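Inside the fold
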Amino acid sequence: MESSAVQTYSSTNAAQVEAACALHGLTQDEFRVLHRESVAAKELAYCPYSKFQVGAALLTRLGKYIAGANMENASYPVGTCAERVALARAHMDGHRDFKAIAVVTNSTLPASPCGMCRQFMREFCDLSFPVLMFDANGDFAVMKLGEVGA
Ligand SMILES: O=c1ccn([C@H]2C[C@H](O)[C@@H](CO)O2)c(=O)[nH]1
Ligand SMILES: [Zn+2]
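Description of the structure in this document. (Residues numbered from 1 in each chain as written. Chains lettered and ligands numbered in written order. Predicted model: local features only at pLDDT ≥ 70, side-chain atom pairs only at ≥ 80, totals over all residues.)

Describing the environment of V131
Stated formally: Each helix is a run of DSSP H or I of at least 4 residues and each strand a run of E of at least 2, with the numbering of both proceeding from the N terminus. Each residue is classified by how many other C-beta atoms fall within 10 Å of its C-beta atom, where C-beta atoms are placed from the backbone; a count of 20 or more means buried, 12 or fewer means exposed, and values in between mean partly exposed. Here contacts are defined at the residue level, using C-beta atoms placed from the backbone and a cut-off of 7 Å between them.
As for its position among the elements, V131 is in strand 5 (residues 130–134). Residue classification places V131 among the buried residues on the basis of 26 C-beta atoms within 10 Å. For the pair V131 and V103, spaced 28 residues apart in sequence, the C-alpha separation works out to 7.6 Å. Contacts of V131, omitting those with residues within four sequence positions, involve I101, V103, P113, V142, M143, L145 and V148.

Here's what the structure looks like:
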């Protein structure tokens, strides 16, 4: 079995943020707002079963930020993830082109989107779509959609 630890960076390390932004076509301001909006969204999670809050923030090509949080259900598979909530909200608001998504949890390691979310994103975003994953401390990993889970 191959084990590959995901490289994480600190969002307080300007050089690391700059490098990540340059690689994924984001401005540092966009990076900061994505982080801030995803953290705010996390507080709106409905997760009485797992108690695992997840926040997401999508950035559209037109510069709008759309938030999502996980919404659980007593019948567990009926619940949905933060990423899919954000994408559904965005699509309903008429957005079709997306620049990046940020996902944040209270975990001490960045969490990567599940297979259903990756499939859902793939419907609207290409394989180079940047996925920013923040942990509780603001450390982050970033991958293209085509690299997540690969
Ligand atoms: O990237 C992720 C990972 C998990 N969850 C949610 C699903 C469930 O509500 C809870 C525990 O898995 O976290 C997300 O929203 N996004
Ligand atoms: Zn998911």
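Here the narrative resumes.
Notes on helix 1 (residues 14–24)
As a reminder, the rule being used: Each direction from the helix axis to a C-beta atom contributes to the arc, which is the arc of those directions.
By the burial criterion, the buried members of helix 1 are V17, A20 and C21. Projected down its long axis, helix 1 shows its buried positions confined to an angular sector of 100°, all on one face. Helix 1 presents A15, E18, A22 and L23 as exposed residues on the side facing more than 90 degrees away from its buried surface. Looking at the packing, one finds that the buried side of helix 1 touches strand 1 (9–10), helix 2 (28–42) and strand 6 (139–144).

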